[in-house]
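# Close look at the chain arrangement
Each chain, written out:
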Amino acid sequence: MKKPIFTGACTALVTPFLNGSVNYPMLERLIRRQTDAEIPAVVLCGTTGESPTLSDCEKLEIFRKGKQYAAGKCLILAGTGSNSTEHAVALSKAAEDVGADALLVVTPYYNKATPEGLIAHYSAIASAVHIPIILYNVPSRTGVDIPISVYQCLSKLANIAGVKEASGDITKIARIRAECPPDFCVWSGNDDQAVAVMALGGSGVISVMSNVLPVETSAMAQAALDGDFDTAADLQLHLMPLIDLLFREVNPIPVKAAMKLIGFDCGTCRMPLTRPTAQTQKALADWLSIS
């Protein structure tokens with residue numbers, strides 16, 4: 001049986017910028033804030049980390065420094081997905097070399113690979129590295145929804161740990177849990193479905209919200225994992241207004257605005273993402289001031 005890489009809340013961390021470059025002192029502050037909250041893992045250079053606008057050199061330096069800043073107190077999950085298998089393999093190997101503990105690998109986007117292509121893509125990456133891989137299914141961004149038959153096939157590979165499932169389809173979550181091996185972990189990729197996914201046997205959530213509220217997100221996830229669904233549901237419902245605001249505009253536009261409001265100025269998003277609207281900014285400020 002494979003053991004879960006982590007359980008509970010993992011933070012899909014924003015990438016802080018200053019004058020157009022990665023702000024490493026702020027990255028250190030962000031990671032240490034997560035470790036202080038006892039978050040077991042962070043994703044660097046995922047969707048929330050603006051991976052499409054980061055160069056490979058920037059990504060590898062973020063992975064390297066992130067590992068240093070974490071100081072063994074949380075796992076570093078490196079976002080190394082690409083719509084080119086050759087590129088994904090090379091970046092995944094390089095991420096392992098600089099110390100990443102595991103990989104988060106999004107489906108090839110735009111190409112719209114067939115099930116056979118998805119299996120070949122992920123198998124090539126898995127055979128090139130020795131660290132665990134979490135598949136990342138987010139069809140709203142990639143145009144590809146991984147079929148359960150592909151999960152069944154890939155779950156046989158020793159270092160395929162499971163999936164960050166961000167399809168938003170709770171019925172699919174149930175079917176993955178029913179039709180895949182029990183050690184193929186499912187992590188919610190949607191904050192608004194975190195408790196529901198764990199009620200179906202999910203291992204936790206890879207969260208945007210925990211950038212802003214790591215302690216509260218962790219408490220919600222842990223309550224669900226402990227089977228205390230009254231507490232978990234209460235926390236989920238209390239946090240729903242913030243979750244809605246964080247996805248009111250394209251992620252990570254709102255979460256970066258929220259981080260500035262709580263004292264962590266991570267800069268603006270790189271183009272083509274823009275600043276949040278005044279309405280979103282005000283709504284975030286209002287919620288954060290009364291929460």
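Everything discussed here concerns the structure shown above.
Our subject in this report is the structure included herewith. (Residues numbered from 1 in each chain as written. Predicted model: local features only at pLDDT ≥ 70, side-chain atom pairs only at ≥ 80, totals over all residues. Heavy atoms only, no water.)

## Brief notes about the overall build of the protein
Looking only at helices and strands, the protein features 12 helices and 10 strands. C-alpha extents for the protein along the principal axes are approximately 50 × 45 × 35 Å. In the protein, which comprises 291 residues, the share counted as buried stands at 54%. When contacts within the protein are restricted to residue pairs at least 6 apart in sequence, long-range pairs at least 24 apart make up 71% of them. Averaging the coordinates of the 24 positive side-chain charges in the protein and doing the same for the 28 negative ones gives two points 5 Å apart. (Helix = DSSP H or I, 4+ residues; strand = E, 2+ residues; numbered from the N terminus. Buried < 20%, exposed > 50% of the residue type's maximum accessible area, 1.4 Å probe, protein only. Contact = heavy atoms within 4.5 Å. Lys, Arg positive; Asp, Glu negative; His and termini not counted. Charge placed at Lys NZ, Arg CZ, Asp CG, Glu CD.)

## Thoughts on the layout of surface pockets
Empty space within the largest pocket amounts to approximately 580 Å³. Every residue lining the largest pocket is counted, 27 residues in all, and those nearest its centre are Thr47, Ser51, Pro52, Tyr109 and Arg141. At the level of elements, β6 (102-106) and α5 (139-142) are the ones that each hand at least two residues to the lining of the largest pocket. Looking at side-chain class alone, the lining of the largest pocket contains 12 nonpolar, 11 polar and 4 charged residues. Here the second largest pocket is characterised by a volume of approximately 340 Å³. Lining the second largest pocket are 21 residues, and of these Val138, Ala166, Gly189, Asn190 and Phe247 sit closest to its centre. For the lining of the second largest pocket, a count of residues per class yields 7 nonpolar, 9 polar and 5 charged. (1 Å grid on protein atoms, 1.4 Å probe; cavity = no way out; pocket = protein on both sides within 12 Å on 5 of 7 lines; lining within 4 Å. Points joined across faces, edges and corners; volume = space filled by probe spheres on them. Nonpolar A, V, L, I, M, F, W, Y, C, P; charged D, E, K, R; others polar.)

## Quick notes on the sheet that holds strand β4 (residues 41-44)
With respect to topology, 8 strands assemble into a closed barrel ordered β1-β4-β5-β6-β7-β8-β9-β10, the strand pairing being parallel. Direction aside, neighbouring strands of the sheet carry axes that sit 25° apart on average. Pairing geometry for strand β7 (residues 133-137) and strand β8 (residues 160-165), over 5 bridges, is parallel. When the sheet's bridge partners are listed, Ile133 is paired in β8 with Ile160. Along the sheet, helix α4 (residues 115-128) makes contact with β6, β7 and β8, crossing β7 at roughly 155°. (Pairing = 2+ DSSP bridges. Axes fitted to C-alpha atoms, helices over the stretch in contact; angles between N-to-C directions.)

## A short note on unusual backbone geometry
The omega angle of the peptide bond from Asn251 to Pro252 is 10°, so this bond is cis rather than trans. Tracing the backbone shows Pro252 in the loop between α10 (229-246) and α11 (253-261). The omega angle of the peptide bond from Met271 to Pro272 is 15°, so this bond is cis rather than trans. For Pro272, the location among the structural elements is in the loop between α11 and α12 (278-290). For Asn19, which is not glycine, the phi torsion reads 55° and is therefore positive.

## Some thoughts on the nonpolar core
Of all hydrophobic cores here, the largest spans 79 residues; its most connected members are Leu44, Ile133, Leu135 and Val212. Each residue touching Ile133, except ones within four places of it in the same chain, is listed here: Leu103, Val105, Ile125, Ala126, Asn159, Ile160, Ala161 and Gly162. Of all hydrophobic cores here, the second largest spans 18 residues; its members include Leu104, Val138, Ala161 and Cys185. (Core = buried A, V, L, I, M, F, W, Y, C linked by side-chain atoms within 4.5 Å.)

So yeah, pure geometry; function would need other evidence.
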